[in-house]
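Overview (structure and organization)
Each chain, letter by letter, is given below.
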Amino acid sequence: MELRLPAPCLVVLVGPSGSGKSTWAAQTFHTDEIVSSDRLRAMVGAGEDDQTASPAAFALLEQIVTARLGRRLTTVIDTLGYDQEGRRRWVGLAHEAGLPAFAIVFEAPATEVERRNQERKRPIPKTALTRQLSRFKTVRKDLGDDGFDQIHARQQTALVTTEIHPGEESRRIRRDREHSFGLMINRFDWGLGREELAMRLASIAQRAESAGFRDLWVMDHFRQIPQVGRAWEDIPEAYTVLGYLAGVTTSIRLGTLVSSVTHRHPAVLGRMVATLDVVSGGRAGLGIGIGWDEKEHRSYGIPFPAASQRYAMLEDTVEMLPLLWGKGSPSFAGRVFTAEELACYPRPIQDQIPILIGGSGEQRTLRLVARHAQACNLFGRPDVIARKVEILRRHCVEEGRDPARVEVTHLVNAMTATDRSVLRDRIERLRPRNTTSDEYAARHRAGTPEDQVAHFAAYAEAGADHSIVVLPDVHLEGSIEAFAEVIEAMTR
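Below is a summary of the structure that appears in this document.

What counts and how
- Residues numbered from 1 in each chain as written.
- Predicted model: local features only at pLDDT ≥ 70, side-chain atom pairs only at ≥ 80, totals over all residues.
- Heavy atoms only, no water.
- Core = buried A, V, L, I, M, F, W, Y, C linked by side-chain atoms within 4.5 Å.
- Buried < 20%, exposed > 50% of the residue type's maximum accessible area, 1.4 Å probe, protein only.
- Helix = DSSP H or I, 4+ residues; strand = E, 2+ residues; numbered from the N terminus.
- Contact = heavy atoms within 4.5 Å.
- Pairing = 2+ DSSP bridges.
- Phe/Tyr/Trp six-rings, centres within 6.5 Å; stacked < 30°, edge-to-face > 60°.
- Axes fitted to C-alpha atoms, helices over the stretch in contact; angles between N-to-C directions.
- Salt bridge = Lys/Arg side-chain N within 4 Å of Asp/Glu carboxyl O.
- Parallel < 35°, antiparallel > 145°, perpendicular 65-115°, else oblique.
- Nonpolar A, V, L, I, M, F, W, Y, C, P; charged D, E, K, R; others polar.

In terms of nonpolar packing, the biggest core is built from 91 residues, with L183, F213, W325, V469 and F483 touching the most fellow members. Per-element accounting of this core gives the leading share, eight residues, to helix α11 (residues 307–325). Not counting chain neighbours up to four residues away, the residues in contact with V469 comprise F181, G182, L183, M184, F213, V412, A414, F456 and F483. Counting 23 residues, the second largest nonpolar core, distinct from the first, contains V91, A101, V105 and V139.

Shown next, in the form of structure tokens:
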């Protein structure tokens, strides 16, 4: 079994020379995460075996460990680990920074340690190694008094962000309702020319379809939002993109997550979605919400009413659209919008284009979902989702509606690679210069398919029916294919 440690954390290696600590650390962690007394001895002395440089090397080690833990960076201390006072000091620094501390114990047969020592270019004196082996049992026993959160024997180990529940076995997947997945594309800053953008979009959509994603979503914004990127980044117009993707795919559903009610009159929006449904062969969906980016509205001269007015616009919209898409040409008189004749030709292929309401407001938003929508989109960790699902169910009962008729979706980042070394390289390649590897991994919930299955199973247990994922490396080869393993595991 792979040992999963939460990142960031402190890892202290404990074992005699030749027990495999440095080799294991190099195979498990990034070079920059390892603070090695041997390497520091070489930096301030004549080489790694220059014992006269030890005082300066360990003084430097203490400075580096203190600085790294103070900045909440994963820190792996590669020394003998025999100094109890030092171990306790390091654990204290980690806990002061809010990081867990782990000891990894390297126990190897004396004959194996001695053999490895003899293979070194400059072996440790036999008497010194004998003393280390003799002290090891006492050191091992004392570790329990040092305050470590956990003590483990050497084994295959990986750092996993706490956002995806490290060390937790995959939970039981809810079988009463099938769990499905959608893909959200929210960034197009892929270093491509404008001529190549359409080809890359087509490739992503086709790969997502092959991977088993049920639907594909794009944001409906007129410029990039600050949570994702810079305002001047490319962000194509949502419905034009969806129309194009309808022509290069055959089965994946298409929609916006989400369109703001302030952007278009509901009749205009409804006509656009109906046309998308027709040209896609009945694959359109509509994500709708009250909008939030006031600065975006001001930039384009679009009115941005108070929240109460926007909620009224939202309720009018979700009441008007089924009339527009239905038979005849009825009139509509709402709180904000009115229409004398709601006619839509060609009519949508679907009898009911699914309407998803975005937002997690527990009273107004979720009540509107219970009253009018086919789906909602929630935010938060599984415990938050579980609470909101329960509130939504109560609203449905009060509205006389079966809660099972409302699909619960949630939006989450999920950077996935089948190999941890590939995952680590992707993180280093994509993270901004002002963001640490651990921070980037946590923000994008980076992990292997096995990690992600445990993560999404927790959401399924919380009541989510459908997970819409953002893959920050969606434009890179293998990203969608790696997540296909998660889809397969969650749906088989």
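Text resumes after the structure shown.
Our next topic: the sheet that holds strand β12 (residues 286–289). Read from one edge to the other, the open sheet built from nine strands follows the order β10-β9-β8-β18-β17-β16-β15-β12-β11, with strand pairing classed as parallel. Here the strands that pair on one side only, and so sit at the sheet edges, are β10 (253–256) and β11 (259–260). One ladder, built from four bridges, connects strand β16 (residues 375–378) with strand β17 (residues 407–413); its direction is parallel. Across the sheet, the residue bridging to C376 is V408, located in β17.

Time to look at the packing of aromatic side chains. Considering all chains together, one arrives at nine aromatic pairs under this definition. When the centroid spacing of 5.3 Å and the interplanar angle of 75° are considered together, the rings of W24 and F106 count as edge-to-face. Here the residue W24 occupies a position in helix α1 (residues 21–28), and F106 occupies one in the loop between β5 (101–105) and α5 (110–118), the gap between them amounting to 82 residues. Both residues of the pair, W24 and F106, count as buried. Aromatic pair F222 and Y300: ring centres 5.7 Å apart, planes at 70°, arrangement edge-to-face. Placement of the pair is F222 in the loop between β9 (215–218) and α8 (238–248) and Y300 in helix α10 (residues 294–300), with a sequence separation of 78 residues.

Attention shifts here to the sheet that holds β5. Read across the sheet, five strands follow the order β3-β4-β2-β5-β6 without closing on themselves; strand pairing throughout is parallel. Lying at the two open borders of the sheet, with one neighbouring strand each, are β3 (34–36) and β6 (150–153). Each neighbouring strand pair of the sheet contributes to a mean axis angle of 20°, computed without reference to strand direction. Of the strand pairs in this sheet, strand β2 (residues 10–14) and β5 are connected by five bridges, and their pairing is parallel. Across the sheet, the residue bridging to L10 is A101, located in β5. This element, helix α4 (residues 84–96), spans β2, β4 (75–78) and β5 of the sheet and lies at about 165° to β2.

This paragraph deals with unusual backbone geometry. Across the junction of A7 and P8, the peptide omega takes the value 0°, indicating a cis bond. For P8, the position within the fold is in the loop between β1 (3–7) and β2. Following L257, the chain continues to V258 via a peptide bond in cis, the omega torsion being -10°. Note that V258 resides in the loop between β10 and β11. Although it is not a glycine, R72 sits at a positive phi angle of roughly 60°. Relative to the helices and strands, R72 is located in the loop between α3 (54–70) and β4. You can call R72 partly exposed: its relative accessible area is 39%. You will see that R445, though not glycine, has its phi angle at about 50°, which is positive.

Attention now goes to the pattern of salt bridges. Here the structure, examined in full by the defined rule, presents 34 salt bridges. Ionic pairing is found between R214 and E407, a salt bridge with its closest N-O pair at 2.8 Å. Separated by 193 residues along the polypeptide, R214 in the loop between α7 (194–211) and β9 and E407 in strand β17 bring together distant segments of the chain. When its relative accessible area of 32% is taken as the criterion, R214 is described as partly exposed. Of the charged contacts, one joins R420 and D451 as a salt bridge, the two residues approaching to 3.0 Å between their closest N and O atoms. Of the two residues, R420 sits in helix α14 (residues 420–430) while D451 sits in helix α16 (residues 449–462), which places them 31 residues apart along the sequence.

The geometry of α11 relative to helix α12 (residues 364–372) is characterised by a closest axis approach of 11 Å and an angle of 10° between their N-to-C directions. Judged on the interaxial angle alone, α12 and α11 are roughly parallel. Across the interface between the two elements, A307, S308, Y311, L314, E315, V318 and E319 of α11 pack against R364, T365, L368, R371 and H372 of α12. Among the residues making up the contact of α11 with α12, the classes are represented as five nonpolar, three polar and four charged.

Function cannot be read off these values alone, since they describe shape.
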